[in-house]
Amino acid sequence: MNGANEEESSAPGIQDRRPIITCAGEVELFSCIEDRLSVALPQEVCEWRRSLGRPARSVHISATFTPYNQAALPRINQWDLIRQPLFHIFWTECNDVDQYKTTIRDEIEVWLKELIAKDIPDWLIVVVENFDGKRANKLLPRTTVLDKIRTEFATKQGDRCISVLNPGREESRNADSWRGLVARIRHLLLTSYGRAVSKLEDYVRQQRERRNEPGWNFMGYFKLQEELAQVLEMLGLYDEALVQYDELDALFSQFVVNGQSGDATGSGWLSEFQRSLERWHALKLGPCALPTEPAPSLLELRAYLYSKQAHMLLLTNKVWEVASRCLPFLHACSRELLLLEISAPPGAVACWLFLASLEVLHTCNRHNQADQVEAYSLHTACLWAYASQKLRSLGDLCGLMPGRTPTSDQLHAVVYLSAGMGDCPGKPESPSPTDILKQALRSQTSFNKTYLELAELAMCTYKHIGRLRSARLVGREVASFYVLLGEVQKAAAFLTDALRTFEQDNWRDLAAQSQVELAECYRKAGDTRKYVRACAAIAAASEIDNLIRWSYFDEMQNSLLGLDRTLIVPFKNILRIESVRIVGGAASKSSATAIEVMQDSQVEIELIVESNFPREIVCAKAMIAVEADAKDAATAQKRGRRSSSVITGKDVRQQDALLQRLRIQRHLDYKENKQLSSASVVCRNAPLKRADSNVSPVYHSEFNDFLDTGKTPFVITPGMNVVRLSGRAERVGKFYLGQVAIHINLMELISVSLTPRLCYEVLREEPSVRLDKGEAALLSDIEQIMTLSVTIGSYAIETKGEKIKVLLKSSSGLSICGDVVNGGEFGNSLEITIEETRPYSTTVASIRVLAEVPSKDHQVTIICPWSSKSLPVTLSFAPPLKISWRLHTVKHRKYVQITVVGQCDRDLSIGDSSLTVSDNKVVPFHSSVGAQVLPNGMSVSFTYEILVRAQKESIPLKAEFRLRYAMGGSGHDDDDDDDEKGSVEECREYSYPFELSNYQTLYHIRAKVEPTKGSEFCRVGTVCHLHVSVSAAAHSFHGGSSLMYEVLAEPSVWAVCGRTAGVISFESDSDAETVVLDVMPLNSGFLPLPLVRLSKYIPADFGNTDYGKNELLHPRLEPFSAGQIYNGSKGEQVHVINTNSEPFSTGAPTLLT
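Residues numbered from 1 in each chain as written. Predicted model: local features only at pLDDT ≥ 70, side-chain atom pairs only at ≥ 80, totals over all residues. Heavy atoms only, no water.

Per an unreviewed UniProt entry, the protein chain goes by the name Trafficking protein particle complex subunit 10 and belongs to Nicrophorus vespilloides. The UniProt entry for the protein chain carries the following text under Subcellular location (unreviewed entry): "Golgi apparatus". (UniProt positions renumbered as here; feature names shortened; annotations may be inferred.)

Judged by pairing direction, the sheet is parallel, and its five strands sit side by side in the order E4-E1-E5-E6-E7 without closing on themselves. Sheet topology places strand E4 (64-67) and strand E7 (161-165) at the edges, where each strand pairs with a single neighbour. Averaged over all pairs of adjacent strands, the angle between their axes in this sheet comes to 30°, without regard to strand direction. Sheet analysis places strand E5 (residues 85-92) next to strand E6 (residues 123-129), joined by five bridges and oriented parallel. (Pairing = 2+ DSSP bridges. Helix = DSSP H or I, 4+ residues; strand = E, 2+ residues; numbered from the N terminus. Axes fitted to C-alpha atoms, helices over the stretch in contact; angles between N-to-C directions.)

Here we take up helix H19 (residues 528-539). Its 12 residues give H19 an end-to-end C-alpha distance of 16 Å, which sits within 8% of 16 Å, the value for a rise of 1.5 Å per residue. Packed against the buried residues of H19 are helix H18 (508-525), helix H20 (546-560), strand E8 (567-570) and strand E22 (747-750). (Expected span 1.5 Å × (residues − 1). Contact = heavy atoms within 4.5 Å.)

On to the pattern of salt bridges, then. Inspection of every chain in the model, using the stated rule, returns 44 salt bridges. Of the charged contacts in the structure, one is a salt bridge between Arg105 and Glu152, with a shortest N-O distance of 3.3 Å. Here Glu152 lies in helix H5 (residues 145-153) and Arg105 lies in helix H4 (residues 97-117), a separation of 47 residues in the sequence. With relative accessibility at 34%, the residue Glu152 sits in the partly exposed group. With its nearest N and O atoms 3.1 Å apart, the salt bridge here joins Glu213 to Arg210. Taking the relative accessible area as the measure of exposure, Glu213 reaches 35% and is therefore partly exposed. Residue Arg210 is classed as partly exposed on the basis of its relative accessible area of 37%. Beyond isolated ion pairs, a larger network of salt bridges with shared partners links Arg581, Glu604, Glu606 and Arg724. (Salt bridge = Lys/Arg side-chain N within 4 Å of Asp/Glu carboxyl O. Buried < 20%, exposed > 50% of the residue type's maximum accessible area, 1.4 Å probe, protein only.)

Let us now look at helix H14 (residues 433-440). Of the positions making up H14, those classed as buried are Pro433, Thr434, Leu437, Lys438 and Ala440. What you see down the axis of H14 is that its buried residues fit within an arc of 165°, all on one side. Where H14 is buried, its residues contact helix H11 (348-366), helix H12 (373-398), helix H13 (408-421) and helix H15 (444-464). (Arc of directions from axis to C-beta.)

So, about the nonpolar core. Residues Trp91, Phe613, Leu737 and Tyr760 are the most contacted members of the largest nonpolar core, which totals 199 residues. With residues near it in sequence (within four places) discarded, Trp91 still touches Cys23, Ala24, Gly25, Glu26, Phe30, Ile33, Leu37, Val126, Val128 and Leu181. The next biggest cluster of nonpolar side chains, apart from the first, holds 30 residues, and it includes Leu881, Leu887, Leu908 and Tyr990. (Core = buried A, V, L, I, M, F, W, Y, C linked by side-chain atoms within 4.5 Å.)

Read from one edge to the other, the open sheet built from four strands follows the order E32-E33-E37-E35, with strand pairing classed as antiparallel. Looking at which strands have only one partner, the edges of the open sheet turn out to be strand E32 (881-890) and strand E35 (921-924). Sheet twist, expressed as the mean angle between neighbouring strand axes with direction ignored, is 30°. The pairing of strand E33 (residues 893-902) with strand E37 (residues 939-947) spans eight bridges and is classified as antiparallel. Its bridge partner lying in E37, Gln897 is registered against Thr943.

Position of Val27 among the secondary structure elements: in helix H2 (residues 27-31). On the basis of relative accessible area, Val27 is assigned to the partly exposed category, the value being 32%. A C-alpha to C-alpha distance of 8.6 Å links Val27 and Thr92, two positions 65 residues apart in sequence.

The next subject is the environment of Thr363. Note on placement: Thr363 falls in helix H11. For the pair Thr363 and Leu314, spaced 49 residues apart in the sequence, the C-alpha separation amounts to 9.4 Å. Not counting residues up to four positions away in its chain, the partners in contact with Thr363 are Leu285 and Leu314.

With that out of the way, let us pick up the side chain of Glu240. Structurally, Glu240 is set in helix H8 (residues 238-261). Within the local environment of Glu240, its side chain forms a polar contact with the side chain of Arg57, the two groups lying 2.9 Å apart. If near-sequence neighbours (up to four positions away) are discounted, Glu240 is found in contact with Arg50, Arg57 and Leu232. (Polar contact = N/O pair within 3.5 Å; in protein donor to acceptor, adjacent residues only side chain to side chain.)

Below, the discussion takes up the packing of H14 against H15. The interhelical angle for the contact between H14 and H15, taken along N-to-C directions, is 130°, at an axis separation of 7 Å. Our classification of the angle between H14 and H15 gives oblique. When H14 is examined against H15, the residues Ile436, Gln439 and Ala440 are found in contact with a partner set consisting of Ser446, Phe447 and Thr450. Partitioning the contact of H14 with H15 into residue classes produces three nonpolar, three polar and no charged. (Parallel < 35°, antiparallel > 145°, perpendicular 65-115°, else oblique. Nonpolar A, V, L, I, M, F, W, Y, C, P; charged D, E, K, R; others polar.)

Right, let's get into the packing of aromatic side chains. One pass over the structure, following the stated rule, counts 32 aromatic pairs. Aromatic side chains Phe447 and Phe481 sit 6.4 Å apart centroid to centroid with 55° between the ring planes, which places their arrangement in the tilted category. Note that Phe447 is positioned in helix H15 and Phe481 in helix H16 (residues 468-485), a separation of 34 residues in sequence. With respect to burial, Phe447 and Phe481 carry one shared label: buried. The structure contains a cluster of three or more aromatic residues connected by ring pairs, namely Trp216, Phe218, Tyr221, Phe222, Phe252, Phe255, Trp269, Phe273 and Tyr304. The ring of Trp178 carries the charged tip of Arg36 above its face, separated from the ring centre by 4.4 Å. (Phe/Tyr/Trp six-rings, centres within 6.5 Å; stacked < 30°, edge-to-face > 60°. Lys NZ or Arg CZ within 6 Å of the ring centre and 35° of its normal.)

This is how it looks when you write it as structure tokens:
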């Protein structure tokens, strides 16, 4: 990887760049191990630590060994590191101290003095010892030759002296010694090399700072910094070597720019590059040398710099960067030729640029790797296009374009250009760029073939990397070339693709120019239909001059006369729909996305169209397609309905797929153990496809159903035009507006389908029947009037000479009658005759209804002759009175309170109330005052005492409450006032049955509050005693019964101390159970006693093994019915005084009932 390349070293002008190591002393000894040492040095990596804080780099280093020569030692200010020795080694095999003192010491001393005289600190003394294992048992000398050398010459530099054992023998001990020698030489050599490189960098930096001084020459500095770059390249630091070449490139470019702007300080050497261009040899990427005699030209210097940069990039496997740097490099060279005003023969620069482009492309193809195809294709595409452009310019210059014949001067120019390119032959299977260009300039056939191949490669590469627009621009150039060849069909294919791309990208100017070129192709090919289509597009293009538009407009009209069948042309930019509106109609009640239109009426559409034609034009007719909705609602919803009756040009404009909202969703990946592996987001949109690959033509509707302008021609003028289309709505259903078509002779201009699509609904309104009850609620047992309304729909009903009758049938318990005035008989069926049958006519009839009292919901079935289905109507009747009852208890006496509430909108007259309870006697407690008026929402109460006998079991009692009522302002008790029928209706009897159960009194409760001993009054904040006494009624006593009491005290009035509930048991009916609780009044005044509630206590049955019944495993409570508990203290109050207050009188606490 590092070190000199054998191929490069053998190339002409390329020398070995490995560092030189001199060998002094016993050279014959070293010659035995030279080859082995040369191979061992670069095999391992060595870390090179550099100055100025730069990071350490791992390098491989090799060397060239030469005999020591004092004359070859570097001189002062000699900076060519490649040609001067950097490290020096003295080899000796002397192991005898006496021999060392007589000869070797003097040789080393002289050798070191010569190095020190040249200020060379990089040296090494190697003592080779021949170790013999058989003689290893002998005593070693106290002082060895190595010790003597270190003592006399390397007192402070012990690492400069080293010994090695038998380097020619392969033994383990010798191998360790050999590895130590190689590592020591590698380390010291790299140290010396680093020191030399550091000095060279300082000198290069110093020379760069002097670039504005008089006498400074760029070529001298160029060789100096190139020396540094070659050293870095030898070490394998290709990226740093590339930086040196980039600095040279930037420095030269800056001098050229400064010289052009007038700042020519220190740049007098630029005149050396301003001589005329005499040769334009091809760029060579690979081992090359900069020519010195004669002096290099601008192009040669630039080509050499670029080749070095490309070589470094290729060594780092950056093929794509070689291609990316090429085009800016070629542009920079062309610009510098202009800035320096370098004269060149016509076509010479184009030849050099073409050769340089092909050389870079061929090099990239040779060094291409599979994983870098995409990367370098991004930059080679423009190089292919650039090469084709330069070749075409050479074809124009040399008269090689189709349809031209080269002149004598042009033939001489070809010869001169070929001579300036020089000779650079390639292999037969892979000709060099020079061979390709010379072959292309020989004849028109070769030129045409080469140009088309290059252009095709450029287009294919552009398409491969996704730059379709650039491919279309190259296609336009190819199309113009085919036009010159006379192959207009091929030219039209390329122009059609380019036009489609330009229109999609909204490049209007390019699209207009391509359209003009395409029209000329169609004219030359004699394709009248396509020519008319192109002329229409050009005439409507506002980017083109008006004179050209007028001429193509006339061509379109003249060519229309030669058509033999209809020509379909899309709207595109010829006509643009600004708005579409459905005139009239109303929003549909059944669908919020449609406009209602009645059957057999006219549907009118107002279409506003903008014409881009330069003149007015007569149109035969205009149509808009009408498509029936044959799909379900879900599919129609996806098609994009419009809830309004208007769409505008903004709505009609096609949506760009690239601007659609992305449907981003979360995506989670789980492992086999259900743990989260990764989380990401995914796009659910359909993948984008190239729009030009499969271009479908504009969909053309069949126009079986349409709205049109009629048979009268109309004129469309430039600008806005209002076109009204109409038609008769014959079929029922939903219809969508589709495409718009405008006919001009045999040319049919057609639009895309309107999106979102306007929808109108053609309705056929059927007859309707309504049965209305009015504002008042329906009441049972009261005669009421309802209204039947029959409305004829949008069409007349065929009677066939007979009258139409509507039949009404009522359910059981509901009677109907049609004679309201005279009062006919009620029945379960009724016929209503419909006199008026014209469309939208209405017939109203009044009917009387009467529902029985027990029933609530009834149904009236309406049967119409125009429909096979009957119409059921549900009627809900409420009773005229609402009655509720409540049981009251005073010890063993029972009272029933019955409340009657009026529910009729009119006043009711009530009277003759009575209550019967089985065989028990009932005593009314209310006074008999006669009839009473009961308004709506008001209530009247009746109270009765039921004389029941005390017994253990409460036998359920059947009770029935009866009441007579009548509609009107007054009531009556008997039926003698039948003459007042006009003002007061007939009296009716209303009965309300109910049942009494669990009404016997079982327990009595008595409670009182007393102060504690020592206190005469109950005071706020003082604990008092609550005495609760519970006794059982004698007739209802059951031995062993248990009760639970609960004290329910108002938290803001009483505070109960201790428990508030407990269980008591009764063993006999004679003794009352008394419970005393501690309570504390919280307020002063007359306070109500705490409420005591009793419940049946049923203990748990632990002996039951049926654990499925949970209620037997736990005690439970059951409440008493109303009337079974009598609380004698309910309503009583106790007087509580404040703590510091004195009572008005002494005595016990006052209880108020």
